[in-house]
Amino acid sequence: LTEITVGQFMMYKNKNYSKKKKEFPVSNITWIEAARFCNWLSEKENLDTVYLFNSKNYIGANLQSNGYRLPTEAEWEWLARKAERNKTTKFTWGKSLPIPKMSGNLADESTIGLMELYIPNYKDSHKLLAPVASFNKDISGLFDMTGNVKEWVHDYYLVSVQKDNMVYYDPSGPERGVGHVVKGSSYLSATLQEIRASYRDSEVLRKADIGFRIVRYLYGKEFKNDKK
């Protein structure tokens, strides 16, 4: 339901960290580090790993595995714009502005003097990062789909135009590339472009405002269906 926290990530790294920061989203990590965390957690819970490594190098992924992974770009955007909604929305909260109170940790008025751009008439009480789940969850039940940290997703970045009359089923992006897709906004976001749920960017290196969340498939007996 939330982005991976400092506390969770440091368990994987087996390193000491400030307990005051344990509920903050982990950030400033690479895509590879996020993928390795997914594999570590899968092994910890006796699940099949998704990400494949040859020695130290990433060589691919088995997306049919039952282990943890980064959401695909399509999954992330579906959760942010369509899940539990009657119609596809422009923002995680809906189609219109202004930004509702407690929608997320963005570059609000508290950053005046700290940042060049800020969102006027919006206050979230956090100049920098906030603990996960500090703001209202969206209609799909997820926290921080708007703001706090941007998020690595599974896909390599590709600039392409969908073909007419083509239907794409659960796309996972190209098998090779340079940068990976980053979705969502962060505590540094002040423009409408970045706040839109459809926003996407390409990154190669770690950044202070990029973290991640994880997903996995449920198969067979793991899937609990209450319908009779």
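In the block above lies the structure referred to throughout.
This structure is a prediction, so every number in the text was calculated from the model and none was measured.

What counts and how
Residues numbered from 1 in each chain as written. Predicted model: local features only at pLDDT ≥ 70, side-chain atom pairs only at ≥ 80, totals over all residues. Heavy atoms only, no water. Pairing = 2+ DSSP bridges. Helix = DSSP H or I, 4+ residues; strand = E, 2+ residues; numbered from the N terminus. Phe/Tyr/Trp six-rings, centres within 6.5 Å; stacked < 30°, edge-to-face > 60°. Buried < 20%, exposed > 50% of the residue type's maximum accessible area, 1.4 Å probe, protein only. Salt bridge = Lys/Arg side-chain N within 4 Å of Asp/Glu carboxyl O. 1 Å grid on protein atoms, 1.4 Å probe; cavity = no way out; pocket = protein on both sides within 12 Å on 5 of 7 lines; lining within 4 Å. Points joined across faces, edges and corners; volume = space filled by probe spheres on them. Nonpolar A, V, L, I, M, F, W, Y, C, P; charged D, E, K, R; others polar. Core = buried A, V, L, I, M, F, W, Y, C linked by side-chain atoms within 4.5 Å. Contact = heavy atoms within 4.5 Å.

Q: What's the story with the pairing of strand E4 (residues 180-183) in this structure? I'm lost.
A: Where a strand is regular, its side chains alternate between the two sheet faces. Pairing analysis gives 3 bridges linking strand E3 (residues 150-156) to E4, with the strands arranged antiparallel. Residue pairing in the sheet places Tyr156 in a bridge with His180 of E4. Where E4 meets strand E5 (residues 200-203), 4 bridges bridge the pair, whose relative direction is antiparallel. If you follow His180 over to E5, its bridge partner there is Glu203.

Q: When you look at the packing of aromatic side chains in this model, what are you seeing that I'm missing?
A: Think of a pair of aromatic rings as described by two things: how far the centres are apart, and how the planes are tilted against each other in angle. Summed over the entire model, instances satisfying the criterion amount to 12 aromatic pairs. Relative to Trp40, the ring of Tyr12 has its centre 5.7 Å away and its plane inclined at 50°; by these criteria the two rings are tilted. Remark: Trp40 occurs in helix H2 (residues 31-44) and Tyr12 occurs in helix H1 (residues 6-13); sequence separation between them is 28 residues. With a relative accessible area of 18%, Tyr12 lands in the buried category. Residue classification places Trp40 among the partly exposed residues on the basis of a relative accessible area of 22%. Their ring planes at 65° and their centres at 5.7 Å tell us that Phe53 and Tyr58 sit as a pair that is edge-to-face.

Q: How should I be thinking about the sheet that holds E3 in this particular structure?
A: The strands that make up a sheet are held in pairs by hydrogen bonds between backbone atoms, and each pair lies either parallel or antiparallel. Spatial ordering of the open sheet is given by E5-E4-E3-E6, a layout of 4 strands whose pairing is mixed. Taken across any chain shown, the strands that pair with only one partner, and hence form the sheet edges, are E5 and strand E6 (210-211).

Q: In this structure, what is going on with the pattern of salt bridges? I would like to understand it.
A: Any two side chains of opposite charge can pair, so long as their charged atoms come close to each other. Under the counting rule described, the total for this entry stands at 11 salt bridges. One salt bridge in this structure joins Glu33 and Arg206, with 3.2 Å as the shortest N-O distance. Of this pair, Glu33 sits in helix H2 while Arg206 sits in the loop between E5 and E6, and the two are 173 residues apart along the sequence. In this structure Glu33 comes out as buried when scored by relative accessible area, which is 15%. With a shortest N-O distance of 2.5 Å, Glu73 and Arg200 are connected by a salt bridge. Pair noted here: Glu73 is in helix H3 (residues 73-81) and Arg200 is in strand E5, with a separation of 127 residues, a long-range link. With relative accessibility at 13%, the residue Glu73 sits in the buried group. With a relative accessible area of 27%, Arg200 lands in the partly exposed category.

Q: Is there a simple way to explain the layout of surface pockets in this structure?
A: Where empty space is left in the structure can be found by rolling a water-sized probe over the atoms. If you add up the space inside the second largest pocket, you get close to 450 Å³. For the second largest pocket, the lining is made up of 20 residues, of which Leu1, Arg213, Ile214, Val215 and Arg216 are closest to its centre. At the level of elements, H1, H2 and H3 are the ones that each hand at least two residues to the lining of the second largest pocket. Looking at side-chain class alone, the lining of the second largest pocket contains 13 nonpolar, 2 polar and 5 charged residues.

Q: Please clarify how the nonpolar core should be interpreted in this entry.
A: Note that soluble globular proteins tend to have their nonpolar side chains buried in a common cluster. Of all hydrophobic cores here, the largest spans 29 residues; its most connected members are Phe9, Tyr51, Leu70 and Phe212. Elements supplying a minimum of two residues to this core: H1, H2 and E3. With 6 residues, H2 is the largest single contributor of residues to this core. Contacts of Tyr51, omitting those with residues within four sequence positions, involve Trp31, Ala35, Cys38, Asn39, Tyr58, Gly60, Ala61, Tyr68, Arg69, Leu70 and His154. Listed in part, the 8 residues of the second largest apolar core include Ile99, Tyr122, Ala190 and Ile195.

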